[in-house]
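Here is how the chains run, residue by residue.
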Amino acid sequence: MEATTFVLFGATGDLAKRKIYPALYNLFLDHKLSKSFTIIGLGRREWSDEAFQAQVEQSLHTFSRRSADDSASIKAFIKAFRYSVMDVERIEDYHKLLQVVEQREQELHLPGNRMFYLSVGPEFFGKIAASIQESGLGSAKGWKRLIIEKPFGHDLKSAQELNQELGKAFKEEEIFRIDHYLGKPMVQKLDVLEQSNPALQDIWTNQYIANVQITASETVGVEERAGYYDHVGAIRDMFQNHMLQLLMTLGKNDGRISKRQVMESVEPLLKENVVNDVVRGQYTAGSIQGKPAAGYKDEPGIDPCSTNDTFVAVRLRIDDVFWRDIPIYIRTGKRMKEKSTRIVIEFKQPFKRSYSAQERTAPNLLIFEISPNEGVTLQINHKDLPNKGVTSTIPVDLHFNQSGEPEAYENLIYDALQGDPTFFAHWDEVELAWKWVQPILEAFEEDLVPLHHYPAGTYGPDASDLLLAEDGNHWWFDSKPVPLAQRIPREAYA
Ligand SMILES: NC(=O)C1=CN([C@@H]2O[C@H](COP(=O)(O)OP(=O)(O)OC[C@H]3O[C@@H](n4cnc5c(N)ncnc54)[C@H](OP(=O)(O)O)[C@@H]3O)[C@@H](O)[C@H]2O)C=CC1
Ligand SMILES: O=C1O[C@H](COP(=O)(O)O)[C@@H](O)[C@H](O)[C@H]1O
């Protein structure tokens with residue numbers, strides 16, 4: 001690892017303490033940081049270096065996946081931290097920062113490789129990038145890179161504007177847009193699972209696959225982020241970025257096409273037709289794991305008349321030679337029954353009509369569990385001898401030992417420090433994702449899609465089940481299949 005100056009905007013914030021410091025500490029323990037490494041934390045709070053170091057240490061005790069009892073390691077780690085008071089809106093503060101950075105680089109004989117990590121609100125991204133350039137912070141002898149947090153824009157236009165602003169100060173290859181789902185170990189393993197297993201490669205096509213289901217369900221509500229969430233909803237918070245990145249990663253078909261090509265091939269939706277393929281939901285009061293949960297509109301900080309989406313389910317198709325005609329269902333929501341991120345691939349059953357009731361088989365399923373557990377399961381049919389020899393399903397399970405595995409932020413910060421862009425969201429993907437989502441945003445704004453309610457602690461609105469039932473499918477592992485005969489138009493559930 002090259003010697004680096006790590007400049008962290010938003011060093012006093014929530015993300016820094018929950019994710020960034022623990023990730024850096026684990027990289028340090030794994031000897032993945034250069035010995036000549038310094039971190040300069042920034043915020044408006046009037047902290048001293050010592051107060052900052054104490055905060056960092058506290059965050060390790062609270063959030064590190066590794067025990068933070070080894071005081072010698074902690075001491076050696078926090079020695080690298082310095083703090084500088086800064087208001088990102090004041091250009092003179094960048095000049096002051098430049099002096100701090102240069103002084104530190106001289107003390108440690110650093111070559112001027114500078115990593116700028118923007119862990120601040122998105123309204124500051126453009127301004128900070130421009131000021132880094134204007135102040136000379138971006139003109140050292142070494143490389144410069146920018147790590148940028150989500151959200152990347154609020155819609156297509158604002159994302160394009162932001163990208164133009166960033167582009168004036170940083171080249172695309174210098175920008176590392178974090179999508180933490182791409183840092184999740186199971187997502188990083190998907191590529192190799194597909195590429196190194198010819199048996200999987202061969203069935204990874206519309207000849208064998210009946211449908212694909214991607215789920216990211218959460219039990220948490222809006223927590224402390226009401227002000228942010230009530231303006232973005234599930235469609236912007238999760239779908240436009242994490243869910244579409246999962247789709248692109250899965251769809252690239254062991255590298256036969258790129259993520260960008262996958263996104264380009266997703267059949268576009270017309271605003272008027274969004275209602276046919278998208279379900280919008282919002283939770284009402286309910287209970288989760290035995291505990292009562294308030295409805296969305298009763299959450300602190302949420303507009304009591306809010307029509308914001310806390311759940312979306314989308315049906316789409318990829319029009320390319322491998323994926324054509326396979327329905328792909330994606331859903332994500334808050335305050336659902338369980339925390340689970342998974343991809344289920346349902347395979348076709350070419351012979352199902354020829355089986356007797358006794359021998360009737362279930363489809364083979366290939367399940368990638370991404371979190372909270374990680375694993376790959378193949379559901380197959382077998383003869384259940386103790387049970388009158390009926391055919392039933394059995395899972396062939398491969399669960400990974402997650403202990404010791406780096407977490408998403410460790411993987412991503414390490415890659416960015418190495419200059420490896422593989423698991424970051426590239427501009428062309430981000431732009432295509434916004435383009436695809438734009439008609440949905442407009443249809444929601446214009447109320448062209450009904451808002452379906454679901455009680456907290458369920459798998460989302462019934463309309464989400466009906467979306468699949470329209471194709472004779474159902475979500476695996478939660479709702480019961482809805483018989484087609486009982487189909488009620490989804491609009492009736494609004
Ligand atoms: N928290 C999370 O779980 C996640 C956060 N993110 C993204 O990460 C970024 C940071 O989020 P989070 O840490 O939660 O936010 P916080 O509100 O907790 O922290 C914001 C940080 O920005 C600093 N800041 C605000 N205004 C200024 C200013 N004018 N000049 C200098 N510093 C300023 C604050 O420092 P001070 O108050 O000292 O000035 C603080 O360190 C956001 O873009 C968010 O969307 C993304 C995914 C998850
Ligand atoms: O980016 C976000 O992700 C989290 C869910 O992440 P996970 O790793 O726990 O699956 C979500 O809660 C949050 O609203 C969103 O901004």
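Within each chain, residues carry numbers counting from 1 in the order of the written sequence. Key to labels: chains lettered from A, ligands numbered from 1, both in the order written. Only residues with pLDDT of 70 or above have their local features reported here, since the model is predicted, and side-chain atom pairs are shown and tallied only from 80 upward, although totals for entire chains, interfaces and linings are computed over all residues. Excluded from the side-chain calculation are hydrogens and water; included are all heavy atoms of the structure.

(A) Up close: the pairing of strand β11 (residues 311-316). Only protein chains enter the accessibility calculation, which uses a 1.4 Å probe; a residue whose area is less than 20% of its type maximum is buried, one above 50% is exposed, and one in between is partly exposed. Numbered from the N terminus, helices here are DSSP runs of H or I no shorter than four residues, and strands are runs of E no shorter than two. Summarising burial for β11: six of the six residues are buried, a large majority. With burial as the criterion, each face of β11 is covered, one bearing F311, A313 and R315 and the other bearing V312, V314 and L316. Two strands qualify as a pair provided DSSP detects at least 2 bridges between them. With four bridges joining them, strand β8 (residues 278-284) and β11 adopt antiparallel strand pairing. Across the sheet, the residue bridging to R280 is V312, located in β11. Strand direction decides the pairing type here: β11 and strand β12 (residues 328-333), joined by six bridges, are antiparallel. From the neighbouring strand, R315 faces β12, where its bridge partner is Y329.

(B) Summary view of the confidence of the model for the protein. In the predicted model, the protein carries a mean pLDDT of 92, and the fraction of residues at 70 or more is 95%. Scored as a complex, the prediction yields pTM 0.93 and ipTM 0.98. The score called pLDDT rates the predictor's confidence residue by residue, from a low of 0 to a high of 100.

(C) Looking closely at the UniProt feature "active site" (unreviewed entry) in the protein. Mapped onto this structure's residue numbering, the UniProt feature "active site" (unreviewed entry) falls at H242. Structurally, H242 can be placed in helix α9 (residues 226-251). Look at H242 and you get buried, because its relative accessible area is 2%. The contact definition used throughout considers only heavy atoms, calling two residues in contact when any of these lie within 4.5 Å. Apart from residues no more than four positions distant in its own chain, H242 is found in contact with K150, D179, H180, Y181 and D237. UniProt positions are given in the numbering used here, feature names are shortened, and annotations may be inferred rather than shown by experiment.

(D) Expanded view of helix α6 (residues 156-169). In this scheme, a helix's expected span is set at 1.5 Å multiplied by one less than its residue total. Over its 14 residues, α6 runs 21 Å from end to end, which matches the ideal 20 Å to within 8%, given 1.5 Å per residue. Those residues of α6 not exposed but buried are L156, A159, L162, N163, L166 and A169. Down the axis, α6 shows its buried residues gathered within 140° of arc, on one side only. Exposed residues on α6 whose side chains face more than 90 degrees from its buried face are K157, Q164 and K168. Tucked inside the fold, the buried residues of α6 contact α5 (125-135), β5 (144-148), β6 (175-177) and α13 (427-445). Think of it as the arc spanned by the lines of direction from the helix axis to the C-beta atoms.

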